[in-house]
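Coordinates in review
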Amino acid sequence: QVQLVESGGGLVQAGGSLRLSCAASGRTFSAYAMAWFRQAPGKEREFVASITWSGTITYPANSVKGRFAISRDNAKNTVFLQMNSLKAEDTAVYYCALRKERSAGYDYWGQGTQVTVSS
């Protein structure tokens, strides 16, 4: 089993920054990639960013390109999401997820952390 714990969410004014962290524990040696998703009220979950253990990064959400940056500290089994130039539309619950090797999707999820951007 793998446990994921997010932190760093909160309330910030538009134009501000936040840094989310996700600490993974348990059987993390089987991990292939970690990612951040978000879900705003009344909307579908959105795939924000991912990073593999070898460092390959993707930003499927066009709305965050150039503003958000995903990074990881493999030694600490921690992934970060630096969010800059935040907008009201970034308001959502942000979830960390982990994908195992040879898995088609993300297998483990954190409990989520609320990010609220006031305009």
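Whatever comes next refers back to the structure up there.
So, a few notes on the structure that sits alongside this text. (Residues numbered from 1 in each chain as written. Predicted model: local features only at pLDDT ≥ 70, side-chain atom pairs only at ≥ 80, totals over all residues. Heavy atoms only, no water.)

Evaluated as defined, the whole model comprises 4 aromatic pairs. Judged by centre distance (5.9 Å) and plane angle (75 degrees), the ring pair of Phe47 and Tyr106 falls under edge-to-face. Taken as a pair, Phe47 in strand E5 (residues 46-52) and Tyr106 in the loop between strand E9 (92-100) and strand E10 (108-109) lie far apart in primary sequence, 59 residues in all. Since its relative accessible area comes to 19%, Tyr106 is described here as buried. Site record: aromatic cluster; members linked through ring pairs are Phe37, Phe47, Tyr106 and Trp109. Here Arg19 stacks its cationic end above the ring of Phe80, 3.9 Å away from the centre of that ring. (Phe/Tyr/Trp six-rings, centres within 6.5 Å; stacked < 30°, edge-to-face > 60°. Helix = DSSP H or I, 4+ residues; strand = E, 2+ residues; numbered from the N terminus. Buried < 20%, exposed > 50% of the residue type's maximum accessible area, 1.4 Å probe, protein only. Lys NZ or Arg CZ within 6 Å of the ring centre and 35° of its normal.)

If the charged atoms of two oppositely charged side chains come close together, the side chains can form a pair. Under the criterion given, the structure shown has 3 salt bridges. Across the pair Arg38 and Glu46 runs a salt bridge, and its minimum N-O distance is 2.7 Å. You can call Arg38 buried: its relative accessible area is 5%. With its nearest N and O atoms 2.9 Å apart, the salt bridge here joins Asp90 to Arg38. Taken together, the residues span a long stretch of sequence, with Asp90 in the loop between strand E8 (78-83) and E9 and Arg38 in strand E4 (residues 31-39) at a distance of 52 residues. (Salt bridge = Lys/Arg side-chain N within 4 Å of Asp/Glu carboxyl O.)

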